[in-house]
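# Understanding the architecture of this molecule
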Amino acid sequence: MKIVYVPRDTASVSVGADEVADNFATAGFKVIRNGSRGAAWLEPLVEIDTPDGRVGFSCVRPQDVAGLVDNDFQNNAPHLRDVGLIKNIDYFKKQNRQIFAYAGDTDPVSIADYIQYGGFLGLKKALELGAENTVNMVFDSGLRGRGGAAFPTGIKWRTCAAIEAKQKYVVCNADEGDGGTFSDRLLMESNPFALIEGMLICGLAIGANKGYIYLRSEYPLSKTILTEAIANAYKANYLGKNIANSGLDFVIEIRIGAGAYICGEETSLLNSIEGKRGVVRAKPPLPAIEGLFGQPTIINNVITLASVPDILAKGAAYYAALGSGKSTGTLPFQLAGNVKRGGLVEVEFGLTLRQLIEDFGGGTYSGRPIKAVQVGGPLGSYIHPDEFDTPLDYESFAAIDGAIGHGGIIVFDDTADMAAQARFAFTFCEVESCGKCTPCRIGATRGGEILDDISAGKNVEANFELLDDLFETMELGSLCAMGGLTPKPVRSLLKHFADEFIDKGKVL
Ligand SMILES: Cc1cc2nc3c(=O)[nH]c(=O)nc-3n(C[C@H](O)[C@H](O)[C@H](O)COP(=O)(O)O)c2cc1C
Ligand code: SF4
């Protein structure tokens, strides 16, 4: 039977992949629902096998299927939607894919496919090394948390491993709240076993036998795919008791969030899993020492955990040699907003922002000049074109008052209203604040009001001074990064686009 691959991830399904798959099935094809390769601009990217590798057909709509079949697309007859061999597409060729290396090649819930591409070799190595050396391996790789704060993963694991406790937990932060980010979702929907294997290795390393995946409610398809993958892992004895006859026990449960951005903050997340209101906890104690249900807990982002199997399988030195300086390894950046070729781009740290948005992104979707790019989510800075040659690594971005965060890149063209973006930063904080501390709860509201006054031309100079005071109060006095970082995007907008904040029609 003729085989055709149609991706099953959220982005592809949102542009008709399910209907495309149904139409191919009706036309007599065997349809394999593979994972997406993350090039959202090509989805649904339908593929067929050829002796030279997979050939792709981009942006296939349900109504295109009959034409493709009539046109004998299986035998490589020329077609408008033919994008040639996948391995020759520049967008993929120029990436250095580690955790997304086989995304798209496999059926995401097939353990056999995962193993065929080297799956569970990291776990095998960790079992050989034992807990302490596994932690050392992660430490030596230089891996830093991909959820936003970039904290060294090895240090966190070492802290937790050193605590004696009857019960410890591994918690995966899959809340992915930053607008324009989707690497966690894509990983869970295209390569979920990498996350499961990463959690297993973490459990082995710190001495935990239970894991939770805290998944945002807005990702129902991720839940479906993860649930299938977890069930298959249990069946194949990669979860449960005495995993792969190693003596290791580990179980995973999925917990669904309820739409609160703050529940991505690790201590709110723990409260939410415990069934409490998602309010930030004061630190110390660190979750690694006293976390979920009061027990030592590792909380890591999806991408952090999914990076671990490769580190174990290929070695710490291999991983540490990738990237730039203290930013080792690769990061799956996510191109979104007004960009021609939106999607996931996994590259080593050190590529410049310009290379990312121009070479991969192809500039703006509108074709107009780029005005600014927000990097690192809603709490990240807006980067001006003058700074586009900054290398994408943690230190270089910190040096320009920016942050890489979770790797979200949102592109704006020259029609964007930057004062409105600044207003949005305060509105976002006002809506999403957990309300525990005053600088954030009240500061966000006051900040928005001050910006409104400035826009209306009221006491502009005095209000700018007041805004500066407010920034300081929020930065120094907030309990967590929600309030502490809200001034960051606003400061960057004021630095580059101050003239847009004042209504030119008003007398100042
Ligand atoms: C307001 C706020 C929201 C956050 N949202 C997320 C999130 O959605 N996903 C995530 O992985 N980390 C998020 N974080 C970071 C987590 O608190 C924490 O640093 C992370 O889960 C640790 O994992 P890592 O070391 O692997 O990055 C957020 C932090 C703050 C302050
Ligand atoms: S900074 Fe905001 S979100 Fe964080 S604890 Fe304070 S009120 Fe809650």
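Here the structure is a predicted model, which is why all the values come from computation and not from measurement.

With that settled, the discussion passes to the site of ligand 1. Around ligand 1 lies a shell of 22 residues, among which Gly145, Gly147, Gly264, Asn301 and Thr304 are the nearest. Only β9 (297-301) and α21 (481-485) provide two or more residues apiece to the shell around ligand 1. When residues of the shell around ligand 1 are assigned to their parent elements, the largest contribution, three residues, is made by β9. Per-class residue counts for the shell around ligand 1 are eight nonpolar, nine polar and five charged. The residue makeup of the shell around ligand 1 includes at least three contributed by each of domain 2 (111-320) and domain 4 (418-501).

Cys172, Leu195, Ile196, Cys202, Val373 and Ile409 are the most contacted members of the largest nonpolar core, which totals 146 residues. At 11 residues, helix α10 (residues 192-206) tops the list of elements feeding residues into this core. With residues up to four places along the chain from it excluded, the contact list for Cys172 reads Leu195, Met199, Gly211, Tyr212, Ile213, Tyr214, Asn300, Val302 and Leu305.

The next subject is the site of ligand 2. In the vicinity of ligand 2 there are 14 residues, among which Cys434, Cys437, Cys440, Cys480 and Gly483 approach most closely. Elements with a minimum of two residues in the shell around ligand 2: α18 (438-441) and α21. Across the shell around ligand 2, the residue classes break down as eight nonpolar, four polar and two charged.

The next thing to look at is the domain arrangement of the protein chain. The extent of an interface is frequently quoted as the accessible surface area lost upon association of the parts. On domain assignment, one finds that the protein chain holds domain 1 (3-93), domain 2 (111-320), domain 3 (323-413) and domain 4 (418-501). Here the C-alpha centroids of domain 3 and domain 4 sit 24 Å apart. Contacts between domain 3 and domain 4 engage nine residues on the former and 10 residues on the latter. Here the residues of the side of domain 3 that touches domain 4 sort into four nonpolar, four polar and one charged.

The subject of this paragraph is the environment of Cys59. As for its position among the elements, Cys59 is in the loop between β4 (53-57) and α3 (65-70). With 290 residues separating them in the primary sequence, Cys59 and Phe349 have C-alpha atoms 30 Å apart. Excluding its chain neighbours within four sequence positions, the residues that come into contact with Cys59 are Leu42 and Arg81.

A word on the sheet that holds strand β14 (residues 370-375). Two modes of strand pairing occur in sheets, parallel and antiparallel, and in both the strands are linked by backbone hydrogen bonds. Taken in spatial order, the five strands of this open sheet run β13-β12-β16-β14-β15, and their pairing is mixed. The open sheet has two edge strands, β13 (343-348) and β15 (382-383), and neither has a second partner. Sheet topology note: the β14/strand β16 (residues 408-413) ladder contains five bridges and is antiparallel. By the bridge assignment, Gln374 is partnered in β16 with Ile410.

Across the six residues of β14, six count as buried, placing the element largely inside the fold. Where β14 lies against β15, two bridges are found, and the strand directions are antiparallel. Residue pairing in the sheet places Val373 in a bridge with Ile383 of β15.

As a packed pair, helix α6 (residues 121-129) and helix α13 (residues 302-314) sit with axes 7 Å apart at the nearest point and diverge in direction by 60°. With respect to α13, the axis of α6 lies oblique. In the crossing of α6 with α13, the sense of the turn from one axis to the other is left-handed. Between α6, through Leu121, Gly122, Leu123, Lys125 and Ala126, and α13, the contact on the second element is made entirely by Val308, Pro309, Asp310, Leu312 and Ala313. Split by residue class, the contact of α6 with α13 holds seven nonpolar, one polar and two charged.

Closest axis-to-axis distance for the helix α7 (residues 131-141)/α10 pair is 7 Å, and the angle between their directions is 120°. With respect to α10, the axis of α7 lies oblique. Considering the relative orientation of α7 and α10, their crossing is left-handed. Counted together, Ala131, Thr134 and Val135 of α7 and Ile201, Leu204 and Ala205 of α10 form the full contact between these two elements. When its residues are assigned to classes, the contact of α7 with α10 shows five nonpolar, one polar and no charged.

About the thresholds
Residues numbered from 1 in each chain as written. Chains lettered and ligands numbered in written order. Predicted model: local features only at pLDDT ≥ 70, side-chain atom pairs only at ≥ 80, totals over all residues. Near = placed C-beta within 6 Å. Helix = DSSP H or I, 4+ residues; strand = E, 2+ residues; numbered from the N terminus. Nonpolar A, V, L, I, M, F, W, Y, C, P; charged D, E, K, R; others polar. Domains from an automatic or database assignment. Core = buried A, V, L, I, M, F, W, Y, C linked by C-beta atoms within 7 Å. Buried ≥ 20, exposed ≤ 12 C-beta atoms within 10 Å, placed from the backbone. Contact = placed C-beta atoms within 7 Å. Pairing = 2+ DSSP bridges. Axes fitted to C-alpha atoms, helices over the stretch in contact; angles between N-to-C directions. Parallel < 35°, antiparallel > 145°, perpendicular 65-115°, else oblique. Left-handed = near helix turned anticlockwise from the far one by under 90°.

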